[in-house]
Amino acid sequence: MRENIKAFFILFFTQLALYLLVCVNYRAVAQTNYWLTAVSDFFIASIAFFVIKKIAKDESKNIWLWLGYALGGVVGSVCGVWVSHTFFNT
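To start, this report covers the structure provided alongside it.

### Looking at the overall build of the chain
Move 1: Counting its regular elements, the chain contains three helices and zero strands.
Move 2: Ordering the α and β elements of the chain from the N terminus gives α-α-α.
Move 3: By principal-axis analysis of the C-alpha atoms, the chain measures approximately 45 × 20 × 15 Å.
Move 4: When the 90 residues of the chain are sorted by exposure, 32% land in the buried category.
Move 5: Summing over all exposed atoms, the chain offers an accessible surface of approximately 6300 Å²; the carbon and sulfur share of this is 71%.
Move 6: Distance between charge centroids for the chain: 4 Å, based on 7 positive and 4 negative side chains.

### Remarks on a nonpolar patch on the surface
Move 1: Judged by side-chain polarity, Leu-71, Val-74 and Val-78 come together as a nonpolar surface patch covering roughly 260 Å² of accessible area.
Move 2: When you line up the elements, Val-78 lands in helix H3 (residues 63-88).
Move 3: Relative accessible area serves as the criterion here: at 56%, Val-78 is assigned to the exposed category.

What counts and how
Residues numbered from 1 in each chain as written. Predicted model: local features only at pLDDT ≥ 70, side-chain atom pairs only at ≥ 80, totals over all residues. Heavy atoms only, no water. Helix = DSSP H or I, 4+ residues; strand = E, 2+ residues; numbered from the N terminus. Buried < 20%, exposed > 50% of the residue type's maximum accessible area, 1.4 Å probe, protein only. Areas by Shrake-Rupley, 256 points an atom, 1.4 Å probe, with all protein chains shown as cover. Lys, Arg positive; Asp, Glu negative; His and termini not counted. Charge placed at Lys NZ, Arg CZ, Asp CG, Glu CD. Patch = residues over 30% accessible without salt bridge, like charges linked within 9 Å, V, L, I, M, F, W, Y side chains within 5 Å. Salt bridge = Lys/Arg side-chain N within 4 Å of Asp/Glu carboxyl O.

That's the geometry; what it means functionally is another story.
Take a look at the structure:
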């Protein structure tokens, strides 16, 4: 059970960061901000690479992995909209 909770939090925070970056990236593209687009794209691709690498080794059907991945994405999107609106004033 402890491993499942650990996996949940790893995937949750990974997805939170990824979706936050995706939201920031969308706004950067819409505003033709080349530097922010490039930086956010780099981090999105890097995170996705390491997540896929980690998940590919785990073939278990574990609901905690799915929940961490899905809910992290939801929270990341909401945080990304807030961060991009608050700090980039768009």
